[in-house]
Amino acid sequence: MSKLETNTIDTVSGTSTLQVGSTNTSTITLGVSGDTINVPSGVTINNNGTQTGFGGVMTPAFSAVKLNQTTGQSDNTYTKITYDTELYDSNGKFASDKFTPTVAGKYYISLSATAGTSSASSVTSLAIKIYKNGSELAGTGNVAKPEQEVELLNMVTSAIVTLDDDDYVEAFIKIDFSTGTGRVTTSQFSGFKIIE
């Protein structure tokens, strides 16, 4: 193994690209433990390859939606929301209507849902909750009967949640109604790891 010691490497006059490496399969190591690699102001880093080991990636991340209505929700009881379509699942961590990231960190989780009953003028209140490991964590809802009688209500909530590698989050809903059949018409559940 050869060793090259120098203070500055520069391009040949008239060229604009400096290539470090070879056409052989190899690993190029920059610096050793304790070194600082400095990228000066004004320099652009253009990455067209695969990056690993950087802390600036906001994954695992997911986004799931309910496109098909479900009915039969019990009156005034929290029930788990089910989802029929995954819009995005970066690491395959959303399954069985729950997100289990398996990577410890802080996560931004958001939930929205539209729900009510099959009968007009019968919804008393609606509440949605984000559950962590089967227990209520965060949520929102109207605390009094709507001023005008309605059939459907929409709620939105979000939270920043600390998750260990074995924690999971789920979406729950509670519909309080006087007549008809409870139903959840649409919902979106999503989240991503926060860069710290």
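What counts, and where the lines are drawn
- Residues numbered from 1 in each chain as written.
- Predicted model: local features only at pLDDT ≥ 70, side-chain atom pairs only at ≥ 80, totals over all residues.
- Heavy atoms only, no water.
- Helix = DSSP H or I, 4+ residues; strand = E, 2+ residues; numbered from the N terminus.
- Buried < 20%, exposed > 50% of the residue type's maximum accessible area, 1.4 Å probe, protein only.
- Contact = heavy atoms within 4.5 Å.
- Areas by Shrake-Rupley, 256 points an atom, 1.4 Å probe, with all protein chains shown as cover.
- Patch = residues over 30% accessible without salt bridge, like charges linked within 9 Å, V, L, I, M, F, W, Y side chains within 5 Å.
- Salt bridge = Lys/Arg side-chain N within 4 Å of Asp/Glu carboxyl O.
- pLDDT = per-residue confidence, 0-100.
- Core = buried A, V, L, I, M, F, W, Y, C linked by side-chain atoms within 4.5 Å.
- Pairing = 2+ DSSP bridges.

**Student:** What is the right way to read the overall build of the chain from this model?
**Tutor:** Looking only at helices and strands, the chain features zero helices and 12 strands. Taken from the N to the C terminus, the helices and strands of the chain come in the order β-β-β-β-β-β-β-β-β-β-β-β. The 196 residues of the chain split such that 30% are buried. Long-range pairs, those at least 24 residues apart, make up 75% of the contacts in the chain with a sequence separation of at least 6. A total accessible area of about 12,600 Å² is found for the chain, and carbon and sulfur atoms account for 47% of it.

**Student:** For this particular structure, what's the right way to read the side chain of Thr117?
**Tutor:** Tracing the chain through its elements places Thr117 in strand β7 (residues 105-117). Excluding residues within four positions of it along the chain, Thr117 makes contact with Ser122, Val123, Glu151, Phe177, Thr179, Thr181, Gly182 and Arg183.

**Student:** Any chance you could explain a nonpolar patch on the surface here in plain terms?
**Tutor:** Taken together, the side chains of Met58, Tyr108, Ile160, Phe192 and Ile195 present a nonpolar region at the surface, about 450 Å² in accessible area. With respect to the helices and strands, Ile195 occurs in the segment after β12 (182-193). A residue is classified by how much of its surface remains accessible, and Ile195, at 41% relative accessible area, is partly exposed.

**Student:** What exactly am I supposed to notice about the confidence of the model for the chain here?
**Tutor:** When pLDDT drops low, the exact placement of atoms in the prediction is not to be read closely. Residues of the chain with pLDDT of at least 70 account for 85%, and the chain-wide mean is 85. The spread of mean pLDDT over the elements of the chain runs between strand β9 (residues 135-141), the lowest at 87, and strand β1 (residues 61-66), the highest at 97.

**Student:** In this structure, what is going on with the nonpolar core? I would like to understand it.
**Tutor:** The nonpolar side chains of a soluble globular protein tend to be buried with one another. Judged by nonpolar contacts, the single largest core of 28 residues is most densely connected at Tyr83, Ile109, Leu111, Ile173 and Phe189. Sorting the residues of this core by element identifies β1, β7, β8 (123-132), β10 (152-163), β11 (169-177) and β12 as the ones contributing at least two each. Dropping the residues within four chain positions of it, Ile109 is found in contact with Phe62, Phe99, Ile130, Thr157, Ser158, Ala159, Val161, Val169, Phe189, Ser190 and Gly191.

**Student:** What should I look at first to understand the pattern of salt bridges in this one?
**Tutor:** Pairing of side chains with opposite charge becomes possible as their charged atoms draw close. Counting across every chain of the model gives three salt bridges. Between Glu136 and Lys129 there is a salt bridge, and its shortest N-O distance comes to 3.6 Å. One salt bridge connects Asp167 with Lys132, and the closest N-O pair in it is separated by 3.9 Å. Taken together, the residues span a long stretch of sequence, with Asp167 in the loop between β10 and β11 and Lys132 in strand β8 at a distance of 35 residues.

**Student:** Please clarify how the pairing of β9 should be interpreted in this entry.
**Tutor:** Sheet faces and side chains relate simply in a regular strand, where the side chains alternate between the two faces. Taken together, the six bridges between β8 and β9 define a ladder with antiparallel strand orientation. Bridging across to β9, Tyr131 finds its partner in Glu136. In textbook terms, the turn of a hairpin is the stretch between consecutive antiparallel strands, and for β8 and β9 this stretch comprises two residues, one of which, Asn133, has a positive phi near 55 degrees.

**Student:** I'm lost on the environment of Lys93 in this one. Help?
**Tutor:** Looking at the secondary structure, you find Lys93 in the loop between β4 (85-89) and β5 (94-95). Residue classification places Lys93 among the partly exposed positions, given a relative accessible area of 25%. For the pair Lys93 and Phe62, spaced 31 residues apart in sequence, the C-alpha to C-alpha distance is 7.7 Å. Leaving out residues up to four positions away in the same chain, Lys93 has contacts with Pro60, Lys98, Phe99, Thr100, Pro101 and Thr102.

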